[in-house]
Amino acid sequence: MAASASPDGAVTQRIVIENCALATVDAQDTEYATGHVVVAGNLIESVGAGKAPEGLPGVVRRVDGTGHLVTPGLVNTHHHFYQWLTRGLATDHNLFNWLVALYPTWARIDAPMLAAATQGSLGMMVKGGVTTAADHHYVFPRGSGDLVGAELAAAAEIGARITLARGSMDRSEKDGGLPPDFAVETTEGALLATEEAIDKHHDASFGSMVHIAAAPCSPFSVSTELMREGAALARRRGVRMHTHGSETVEEEKFCHELFGMGPTDYFESTGWLGDDVWMAHCVHMNDSDIAAFARTGTGVAHCPSSNARLAAGIARVPDMLAAGVPVGLGVDGTASNESGELHTELRNALLINRLGAHREAALNARKALRLGTYGGAQVLGRTAEIGSLEAGKLADLVLWKLDGLGHSSIADPVTALVFGPPAPVTLSLVGGRPVVEDNHLSNVDEDTLARTARAEAQRLARIAAGD
C-alpha cells in the first residue's frame, strides 16, 4: 500500500512492529513465524513475512517483537459492566437463584457506581487483550442519573471500542418475572430511552468508537410487547439487537409455561431472529434451534466460564460452527465470572467444549482464537473493520509476550497463547493508539481505578443493606 498523506500534505504517522510471530486470523488463517505489521494512522497498512519495507515515511515508533505473537485485538461480545461491584457473591447459586439474590442490590446502582464499574470491568479486559467490548446494561433504577452517558464517558477514558446494548426490563415480580418491582421500567419508557440512546450516541461510521444496540434483557424479565416493539425500533433505526437466550433449563421451562413454546420459537415469533441479532449463551439448543440460527444468521455470544459458574451447561459450539452460526466469546458479567478477562475464555471455550459430545475434536487452539477475534467481529457486525490483521482494517491489535517462563517450552505461539497461562500484553493498539503498554493500561491509573471501584462497591453494599 502506498504511503498516504493528510489533506494538508503531512505524512501519515506510522508504527512498525517486526521480528514477531503473526496470526492474522484472515480467511486463510495466514500465519508468519517471523513477520511484521505496519500501522499507518488508524489503519493496518501492511502485514507480511520478514522485515517491514525499507524507507517508510513518518515512522514514529519501531517495536522489536522478538519473542512475541501479534493477533487481532480480542472482541468481547457479552458483558455486564455494572456487576464489577458485586463480584464474589452468591457463589453457589444457579442462574435464577443468583438473579433473585442480586437484583435487589443491582437495583440501587447510580451513575458514579456504574462509571467505576465500567472502568474496572473494561480495564481488566483491555489489560487482557480486548480492544472491542459489548456491554449489555439493563438495570435503570429511578433517579440513578444518566447511566448510559456515565458508562460511555468512563469507557472513553480507557480507549476501547464499545457496543453498548441498551437493555431494559418491564416484567417484574408482580408480572411473573424475576426482578423486583422497583428495578424495571415501563414498556413505553424503555423504548423511548433506547431510542434516545441511539440518537445521542450511536455512530455508524467506519472506525466508530461507539455503537448502540437495542437489548431487552431476557424472556423472563421482558414483556412480549417490549420484545416486538424493541425489534421494530432497532430495524427502523438500523442498529443491532441483543438479548439473553436459552441459557438454562429453567428458562426453557419458563418459556414453555408462559408462551407455550421454547425460547427459539418464541424469539422467532417476536422478530428476534436475524443477521442483525446476537444472543448471549444459547446453552440449551436442539438441532432445530441451531438450524433456525443458521438459517437466519443469528449470532451467539458463548460465555463458557459464566455458564460453568452458574451450572448452566455446555453450549453446542462445535455444532453451531458446523451449521454456520456466527459465534463469538463473552466474559459475561463479573458477578458470574470474577476473573473478568476474555483471554481466559479462549482456553475455557476449548477445554469446556471438549467435555461435550465431540470430545477432543470439539475445538483447537486456532478455532478458539478465531472465536475470540473474527467470530466476535462477525457477531457485532464489524468484520469490515476488525477481527483480523489485514491491510485496510482498523489497527486494533495485540502484541503478546510469549518468551517468559510460563510459555518457555511451548514451541507453537498460538498454542502457547490459548493453552498456556495468561500472556502479558506488551502493546495493545485501538485504531493505532496504545491502550496497553508493558502490561499496564496506557490512559488511566490502575491503582486509582481499584480504589474507586472498591469505594463504590462498599457504598452500594451499604445502600442495599439500608444503612
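None of these values were measured; they are calculated from a predicted model. (Residues numbered from 1 in each chain as written. Predicted model: local features only at pLDDT ≥ 70, side-chain atom pairs only at ≥ 80, totals over all residues. Heavy atoms only, no water.)

Trainee: Any details on the nonpolar core? Residues and values, ideally.
Mentor: Membership of the largest hydrophobic core comes to 111 residues, with the highest contact counts inside it found for W98, W106, L122 and M320. Residue contacts for M320: discarding those within four places in its chain leaves C282, M285, I290, V300, A315, V325 and V327. In this structure, V39, I44, V63 and A395 belong to the second largest nonpolar core, which totals 15 residues. (Core = buried A, V, L, I, M, F, W, Y, C linked by side-chain atoms within 4.5 Å. Buried < 20%, exposed > 50% of the residue type's maximum accessible area, 1.4 Å probe, protein only. Contact = heavy atoms within 4.5 Å.)

Trainee: An account of the pairing of strand β11 (residues 277-281) is needed here, citing residue identities and associated values.
Mentor: Most of β11 is tucked away: five of the five residues are buried. Direction of pairing for strand β10 (residues 241-245) relative to β11: parallel, over a ladder of five bridges. Its bridge partner being in β11, H242 is matched across the sheet by W278. Bridging between β11 and strand β12 (residues 299-302) involves three bridges; their strand directions are parallel. Residue pairing in the sheet places M279 in a bridge with V300 of β12. Following the chain from β11 across helix α8 (residues 287-296) to the adjacent parallel β12, one finds a crossover that is right-handed. (Helix = DSSP H or I, 4+ residues; strand = E, 2+ residues; numbered from the N terminus. Pairing = 2+ DSSP bridges. Right-handed = clockwise from strand over helix to strand, strands pointing away.)

Trainee: How would you sum up the side chain of H136? Please name residues and give values.
Mentor: Tracing the backbone through its elements, the reader meets H136 in strand β7 (residues 130-137). One polar contact links the side chain of H136 to the main-chain carbonyl oxygen of A215, over a distance of 2.9 Å. Not counting chain neighbours up to four residues away, the residues in contact with H136 comprise H78, H79, H80, A165, G167, A215, P216, C217, H242, T243 and H244. (Polar contact = N/O pair within 3.5 Å; in protein donor to acceptor, adjacent residues only side chain to side chain.)

Trainee: Kindly report on helix α5 (residues 224-237), identifying the contributing residues and their values.
Mentor: For α5, spanning 14 residues, the distance from its first C-alpha to its last is 20 Å, which sits close to the expected 20 Å at 1.5 Å a residue. All of the buried residues along α5 are L226, M227, G230, A231, L233 and A234. Along the axis of α5, the buried residues cluster in a sector spanning 165 degrees; they form a single face. Along α5, exposed side chains directed more than 90 degrees from the buried face belong to E225 and R236. Packed against the buried residues of α5 are β8 (161-168), α4 (187-201), β9 (210-216), β10 and α7 (263-269). One or two residues past the end of α5 sits G238, with phi positive at roughly 70 degrees. (Expected span 1.5 Å × (residues − 1). Arc of directions from axis to C-beta.)

Trainee: Run through the pattern of salt bridges, naming residues and quoting values.
Mentor: Where charged atoms of side chains with opposite charge meet at close range, the side chains can pair. Taken as a whole and judged by the stated rule, the model has 23 salt bridges. Note that E390 and K393 form a salt bridge whose closest N and O atoms lie 3.5 Å from each other. Residue K401 pairs with D403 through a salt bridge whose shortest N-O separation is 2.7 Å. K401 gets classed as partly exposed once you look at its relative accessible area, which sits at 32%. (Salt bridge = Lys/Arg side-chain N within 4 Å of Asp/Glu carboxyl O.)

Trainee: A description of helix α1 (residues 95-106) should follow, citing residues and the corresponding values.
Mentor: Within the span of α1, buried status applies to L95, F96, W98, L99, L102, Y103, T105 and W106. All buried residues of α1 project into a common sector of 165 degrees when viewed along the axis, lining one side.

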